[in-house]
Amino acid sequence: AKAAFQRAIDMDPENVEALVGIAVLEMGGLDPVALDAREYRSKAEKVIKMISAANLVDHTDAMVQNHLANHYFWKWTPVPGMVGG
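These figures come from a predicted structure and were not determined experimentally.

Undergrad: Break down the packing of helix H2 (residues 16-28) against helix H3 (residues 37-57) for me, citing the residues and quoting the values.
TA: The contact between H2 and H3 brings their axes to 9 Å, and the two run at 165°. In terms of orientation, H2 lies roughly antiparallel with respect to H3. In the packing of H2 onto H3, the handedness of the crossing is left-handed. Facing H2, whose interface residues are Val16, Leu19, Val20, Ile22, Ala23, Glu26 and Met27, H3 presents Val47, Met50, Ile51, Ala53, Ala54 and Val57.

Following this line, the structure appears as structure tokens:
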């Protein structure tokens with residue numbers, strides 16, 4: 001699948017589905033146990049940059065919006081004393 005997405009990007013660098021597809025495959029391959037923290041963070045940032053690039057190409061694409069929303073939802077952590085519980 002990754003090779004097919006890469007071929008699609010080679011043919012059309014603005015192929016939103018391929019950009020997101022590769023990003024999802026890369027994210028699925030991240031293993032926080034096998035990678036040190038710096039390498040994990042670096043690869044995760046690369047994934048978000050790919051999804052962000054897809055967002056720049058088509059900011060109305062629902063799939064892109066969903067993946068960005070998931071990222072920022074899970075990245076968000078409440079500040080103590082600021083969120084009621």
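Having seen it, we continue.
Undergrad: Talk me through the nonpolar core; I want residue IDs and the actual numbers.
TA: One finds Ile51, Ala54 and Val64 to be the most contacted residues of the largest nonpolar core, which totals 13 residues. Contributing elements (two or more residues each) for this core: H2, H3 and helix H4 (62-75). By residue number, the principal contributor to this core is H2, which donates six residues. Other than its neighbours up to four places away in sequence, isoleucine 51 contacts Ala23, Val64, His67 and Leu68.

Criteria and cut-off values
Residues numbered from 1 in each chain as written. Predicted model: local features only at pLDDT ≥ 70, side-chain atom pairs only at ≥ 80, totals over all residues. Heavy atoms only, no water. Axes fitted to C-alpha atoms, helices over the stretch in contact; angles between N-to-C directions. Helix = DSSP H or I, 4+ residues; strand = E, 2+ residues; numbered from the N terminus. Parallel < 35°, antiparallel > 145°, perpendicular 65-115°, else oblique. Left-handed = near helix turned anticlockwise from the far one by under 90°. Contact = heavy atoms within 4.5 Å. Core = buried A, V, L, I, M, F, W, Y, C linked by side-chain atoms within 4.5 Å. Buried < 20%, exposed > 50% of the residue type's maximum accessible area, 1.4 Å probe, protein only.

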